[in-house]
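# Inside the fold
Residues per chain are reported as follows:
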Amino acid sequence: MRKPFVAGNWKMNTDSHISVNLAKSIISGSLEVAGHSVDVALCPPFVYLQAVAIALSTSSIALGAQDIYTESKGAFTGEISASMLKDVGCTYALCGHSERRHVIGETDELVNKKVTAAISGGILPILCVGELIEQRQASQTTEVVTRQINKGLAGLNDEKVSAVTLAYEPVWAIGTGLTATPQQAQEVHALIRELIGRIYDSALADEIRILYGGSAKPDNAADLMRQPDVDGLLVGGASLNADDFLAIIKAAV
Ligand code: PGA
């Protein structure tokens, strides 16, 4: 059985004070479930990782980064390596989030290097995939998601891929208030799981967790989670409000 997993992506929000207080409210409101019946991770901006790590240190909530670099150290101004993330207590890193792909311009090849570097450095990657609205309208969702998964996981053997969490985030649903219907989410999640079965094997496909992201909110979380191939939620906007995020965590149990 796949354990539900809810991750909060704070994006470029909060400050040092707000990030610690938000983490503390989430810890105290999820004591009975986090780490037991549901895995929970918080992904603050890089500069607040350490402060949030301290707040989380006595809890069962994991820390995640929003990005990671492909190299382990050296002259890469502004970048952050897997070993640095590990050093400050990170367990996870998002790789290929749609804002990195579409705002910053990350390619599938770069995302693959990030996923690979994360695993080599002991960080569990959350590989994000998803189509643009024009691609959905042109019936290219399967093609886009298949390409992003194939390229994102290129070169990873069974053992390495078992460190990966996948996140399906239709770009048109991110931060827009539009959510994929539970059926739309299920359709793509099932396709992704089938693809993993074809690239690897059915045991791995059964095991790998596939999160849905894109305007996940307290009022749609339970319906999304009821879908057989939706194993958790990657939450942006609603993760900045402790009550909303806690309601989503509870809906995922
Ligand atoms: P959203 O963001 O919940 O604000 O739509 C999701 C994400 O980008 O991970």
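### Considerations on the overall build of the protein
- If you tally the helices and strands in the protein, you get 12 helices and 8 strands.
- Rg of the C-alpha trace for the protein: 17 Å, near the compact-globule value of 18 Å for 253 residues, within the 12% margin.
- Of the roughly 11000 Å² of accessible surface on the protein, 52% is carried by carbon and sulfur atoms.
- When the 20 basic and 28 acidic side-chain charges of the protein are each reduced to a single mean position, those positions are 3 Å apart.

### A word on the site of the ligand
- Taken together, 13 residues surround the ligand, and among them Lys11, His97, Glu169, Gly175 and Ser215 come closest.
- Glutamate 169 places a polar side-chain atom, nitrogen or oxygen, 2.7 Å from an oxygen atom of the ligand.
- A distance of 2.8 Å separates an oxygen atom of the ligand from a polar backbone atom of glycine 236.
- When the ligand sits alone it has 280 Å² of accessible area, and the protein chains cover 97% of it.

### Side note on the packing of helix α1 (residues 16-29) against helix α12 (residues 242-252)
- Look at α1 against α12: their axes get within 10 Å of each other, and the N-to-C directions meet at 35°. Two packed elements cross with a definite hand, and for α1 against α12 that hand is right-handed. Of the residues in α12, those in contact with Leu22, Ser25, Ile26 and Gly29 of α1 are Ala242, Phe245, Leu246, Ile249 and Lys250.

### Structural notes on unusual backbone geometry
- Phi at serine 139 is positive, roughly 55°, even though this residue is not glycine.
- Topologically, serine 139 is positioned in the loop between α6 (133-137) and α7 (141-152).
- A positive phi is found at serine 215, a non-glycine position, where the angle reads about 55°.
- The topology assignment puts serine 215 in the loop between β7 (210-213) and α11 (218-225).

### Some thoughts on the sheet that holds strand β1 (residues 5-9)
- The sheet built from 8 strands closes into a barrel, its strands ordered β1-β2-β3-β4-β5-β6-β7-β8 with parallel pairing. Here the strands of the sheet are splayed against their neighbours by 25° on average, with no regard to which way each runs.
- Direction of pairing for β1 relative to strand β2 (residues 39-43): parallel, over a ladder of 5 bridges. For alanine 7, the partnering residue across the bridge sits in β2 and is alanine 41.
- Packed on one face of the sheet, α7 meets β5 (124-129) and β6 (165-168) and runs near 155° to β5.

### What about the packing of aromatic side chains?
- Applying the stated criterion to the full structure yields 3 aromatic pairs.
- Taken together, a centroid distance of 4.9 Å and an interplanar angle of 35° make the contact between phenylalanine 5 and tyrosine 92 tilted. You can see phenylalanine 5 sitting in strand β1 and its partner tyrosine 92 sitting in strand β4 (residues 92-95), a full 87 residues away along the chain.
- For tyrosine 92, a relative accessible area of 8% corresponds to the buried category.
- Ring plane angle 45° and centroid distance 5.3 Å describe the contact between tyrosine 69 and phenylalanine 76, whose orientation is recorded as tilted.
- Of the residues examined, tyrosine 69 reaches a relative accessible area of 19% and is grouped as buried.
- The class for phenylalanine 76 is partly exposed, based on a relative accessible area of 32%.

### A few points about the side chain of glutamine 227
- Mapped onto the fold, glutamine 227 is located in the loop between α11 and β8 (232-235).
- The exposure class of glutamine 227 is buried, given its relative accessible area of 16%.
- In this structure glutamine 227 touches Pro182 and Gln186, once residues within four positions along its chain are discounted.

### Some remarks on the environment of alanine 167
- Examined against the element boundaries, alanine 167 turns out to sit in strand β6.
- On the basis of relative accessibility, which here comes to 1%, the residue alanine 167 falls in the buried class.
- Along the backbone, alanine 167 and leucine 234 are 67 residues apart, and their C-alpha atoms lie at a distance of 7.1 Å.
- Apart from the residues within four sequence positions on either side, alanine 167 is in contact with Ile126, Leu127, Cys128, Val129, Leu211 and Leu234.

Cut-off values and rules
- Residues numbered from 1 in each chain as written.
- Predicted model: local features only at pLDDT ≥ 70, side-chain atom pairs only at ≥ 80, totals over all residues.
- Heavy atoms only, no water.
- Helix = DSSP H or I, 4+ residues; strand = E, 2+ residues; numbered from the N terminus.
- Rg over C-alpha atoms; globule rule 2.2 N^0.38 Å.
- Areas by Shrake-Rupley, 256 points an atom, 1.4 Å probe, with all protein chains shown as cover.
- Lys, Arg positive; Asp, Glu negative; His and termini not counted.
- Charge placed at Lys NZ, Arg CZ, Asp CG, Glu CD.
- Near = heavy atom within 4 Å.
- Polar contact = N/O pair within 3.5 Å; in protein donor to acceptor, adjacent residues only side chain to side chain.
- Axes fitted to C-alpha atoms, helices over the stretch in contact; angles between N-to-C directions.
- Left-handed = near helix turned anticlockwise from the far one by under 90°.
- Contact = heavy atoms within 4.5 Å.
- Pairing = 2+ DSSP bridges.
- Phe/Tyr/Trp six-rings, centres within 6.5 Å; stacked < 30°, edge-to-face > 60°.
- Buried < 20%, exposed > 50% of the residue type's maximum accessible area, 1.4 Å probe, protein only.

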